[in-house]
Amino acid sequence: MRIAFVGKGGSGKTTTAALFSRYTAGLGRPVLAVDADINQHLGVALGADPAAPPPRALGGDLTWLKDHVRGENPLLPSADTMIKTTPPGPGSRMLSLDPSGELLQRYSAVAGGVRYLVTGAFDEADIGVSCYHSKTGAVELYLNHLLDGPGEYVAVDMTAGADAFASGLFTRFDLTVLVCEPTRRGVGVFRQYADYAAEHGVALRVLGNKVTDDSDVAYLRDEVGDALIGCLGQSAWVRAAERGAVQPVEDLEPANRTVLARILADLDGRTRDWAAYHRGTVEFHLRNAKSWGDKATGVDLAAQVHPTFVPA
């Protein structure tokens, strides 16, 4: 099952993604956290040493990633013909969350009891040339080849605001949680996100954050209605973690743990329709092919779509 954490910059989505990942891993569930935010702070929020990042960044090693997932798919003669939306087909190498797998061995590290990947920050060659979607496209390609099942979890810290809608990545999740402060700007981001997401069947919940009293809760409930799944209050545990003193997740305030349990229960209650999921993969691939991909690669990318393949 896959969950994305979104929200305006500074809302606390990275902290919340780390909290949820640590809480779920603490229950003995397999969890993979993915940092798909340009600021790349998820590892530190999990308790990692900033000076010891994962061995490689997913977004900085795209040729290897493409070669790995294309496997023996006859529709994909080389990595040069693949883009971020290239769908899997017969012969593609489908991925799992087994930590002994080649991809996770190559890219992942563990912090706070959670295995995690990073997309990578900009390097010198990117500055002034590339947008961050050149990095997050690696996450989209990874998720489109991942066969995760019930009882397995992928938690992704996304870019701020509505930036996620610049690619099909926002549709790759079973549940999206928008972290929202009890402010007009926070609610404004929710409304913008909800408007865009509604056309694509995105399951969207709002998590109130930085809530100080009942009036904050009432404000959010009035503004977002039934989308509100809960609120996180002020937390000494989080404050200590932000200063580098990461404590056992069992020590998190009971009220805040209850909210995390509610999010996990919502996620567990969902069932993925793999055929519909793959149709979404194909839809965004054909959009990208027509818009820029065919011209960039010099091939007809629509020919990469197998008419009957469904990952399962």
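Up top is the structure.
Below you will find a few notes about this structure.

1. Structural notes on the overall build of the protein chain
Then, in step 1: Helix and strand counts for the protein chain come out as ten helices and eight strands.
Then, in step 2: In terms of overall size, the protein chain behaves like a compact globule, its C-alpha atoms giving a radius of gyration of 19 Å where 312 residues would be expected to give roughly 20 Å.
Then, in step 3: Here the protein chain, with 312 residues, has 54% of them falling under the buried criterion.
Then, in step 4: Looking at the protein chain alone, contacts between residues at least 24 apart form 74% of all its contacts between residues at least 6 apart.
Then, in step 5: For the protein chain, the accessible surface area stands at approximately 13,500 Å², while carbon and sulfur atoms represent 50% of it.

2. Focus: the packing of aromatic side chains
Then, in step 1: For the structure shown, the criterion picks out four aromatic pairs.
Then, in step 2: Measuring from ring centre to ring centre gives 5.7 Å for F5 and F20, while their planes differ by 50 degrees; the resulting arrangement is tilted. Within this pair, whereas F5 is found in strand β1 (residues 2-6), its partner F20 is found in helix α1 (residues 13-26), the two being separated by 15 residues in sequence. Considered together, F5 and F20 belong to a single accessibility category, that of buried residues.
Then, in step 3: Summarising the aromatic geometry, the rings of W64 and Y107 are spaced 5.6 Å apart at their centres and angled 70 degrees between planes, so their arrangement reads as edge-to-face.

3. Here's the deal with the environment of A111
Then, in step 1: Its location among the elements puts A111 in strand β3 (residues 109-111).
Then, in step 2: Note: C-alpha distance between A111 and A261 (150 residues apart in sequence) is 21 Å.

4. Observations regarding the pattern of salt bridges
Then, in step 1: Tallied over the entire structure, the rule returns 14 salt bridges.
Then, in step 2: Salt-bridge contacts for R2 lead to D148; the nearest nitrogen and oxygen are separated by 2.8 Å. Taken together, the residues R2 in strand β1 and D148 in the loop between α5 (133-144) and β5 (153-157) connect sequence positions 146 residues apart.
Then, in step 3: Looking at R2, the relative accessible area reads 0%, which means it is buried.
Then, in step 4: Of the charged contacts, one joins D61 and R106 as a salt bridge, the two residues approaching to 2.8 Å between their closest N and O atoms. Taken together, the residues D61 in the loop between α2 (42-46) and α3 (62-70) and R106 in helix α4 (residues 102-107) connect sequence positions 45 residues apart.
Then, in step 5: Overall, the relative accessible area of 17% leaves D61 in the buried class.
Then, in step 6: Several salt bridges converge on common partners, so that one network encompasses R2, D148, D174 and R272.

5. Some points on the packing of α1 against helix α9 (residues 254-268)
Then, in step 1: Orientation of α1 relative to α9, taken along the N-to-C sense of each, is 80 degrees, at an axis distance of 10 Å. With respect to their mutual orientation, α1 and α9 come out roughly perpendicular. Where α1 approaches α9, its residues L19, F20, Y23 and T24 are matched on the opposing element by R257, L260, A261, I263, L264 and L267.

6. Some points on unusual backbone geometry
Then, in step 1: One non-glycine residue, Q40, adopts positive backbone phi at about 55 degrees.
Then, in step 2: Along the polypeptide, Q40 turns up in the loop between β2 (31-35) and α2.
Then, in step 3: Non-glycine residue K210 carries a positive phi angle of around 60 degrees.
Then, in step 4: Tracing the sequence through the fold places K210 in strand β7 (residues 204-211).

7. Brief notes about helix α6 (residues 184-198)
Every α-helical turn comprises 3.6 residues, leaving residues that sit three or four positions apart pointing alike.
Then, in step 1: Between its first and last C-alpha, α6 extends 21 Å over 15 residues, near the 21 Å set by a 1.5 Å rise per residue.
Then, in step 2: Among the residues of α6, those classed as buried are G186, V187, V189, F190, Y193 and A197. Projection of α6 onto a plane perpendicular to its axis shows the buried side chains occupying an angular sector of 155 degrees, all on one side. Turned more than 90 degrees away from the buried face of α6 sit R184, R185 and D195, all of them exposed.
Then, in step 3: Lining the buried residues of α6 we find β1, β6 (175-180), β7 and α7 (214-224).

8. Observations concerning the side chain of T85
Then, in step 1: The residue T85 is located in the loop between α3 and α4 in this model.
Then, in step 2: Owing to a relative accessible area of 1%, T85 belongs among the buried residues under this scheme.
Then, in step 3: A distance of 2.9 Å separates a polar atom in the side chain of T85 from a polar atom in the side chain of H285.

9. Describing the sheet that holds β5
Then, in step 1: Ordered by their spatial adjacency, eight strands build an open sheet running β3-β4-β2-β5-β1-β6-β7-β8, and the pairing between neighbours is mixed. Among the strands making up the open sheet, the edge pair consists of β3 and β8 (228-233). Strand after strand, the sheet turns through a mean of 25 degrees between neighbouring axes, direction not considered.
Then, in step 2: Examined bridge by bridge, β1 and β5 share four bridges and lie parallel to one another. By the bridge assignment for β5, A4 is matched with V156.
Then, in step 3: Against the sheet, α9 engages β1, β5, β6, β7 and β8, with an angle of about 155 degrees to β8.

Criteria and thresholds
Residues numbered from 1 in each chain as written. Predicted model: local features only at pLDDT ≥ 70, side-chain atom pairs only at ≥ 80, totals over all residues. Heavy atoms only, no water. Helix = DSSP H or I, 4+ residues; strand = E, 2+ residues; numbered from the N terminus. Rg over C-alpha atoms; globule rule 2.2 N^0.38 Å. Buried < 20%, exposed > 50% of the residue type's maximum accessible area, 1.4 Å probe, protein only. Contact = heavy atoms within 4.5 Å. Areas by Shrake-Rupley, 256 points an atom, 1.4 Å probe, with all protein chains shown as cover. Phe/Tyr/Trp six-rings, centres within 6.5 Å; stacked < 30°, edge-to-face > 60°. Salt bridge = Lys/Arg side-chain N within 4 Å of Asp/Glu carboxyl O. Axes fitted to C-alpha atoms, helices over the stretch in contact; angles between N-to-C directions. Parallel < 35°, antiparallel > 145°, perpendicular 65-115°, else oblique. Expected span 1.5 Å × (residues − 1). Arc of directions from axis to C-beta. Polar contact = N/O pair within 3.5 Å; in protein donor to acceptor, adjacent residues only side chain to side chain. Pairing = 2+ DSSP bridges.

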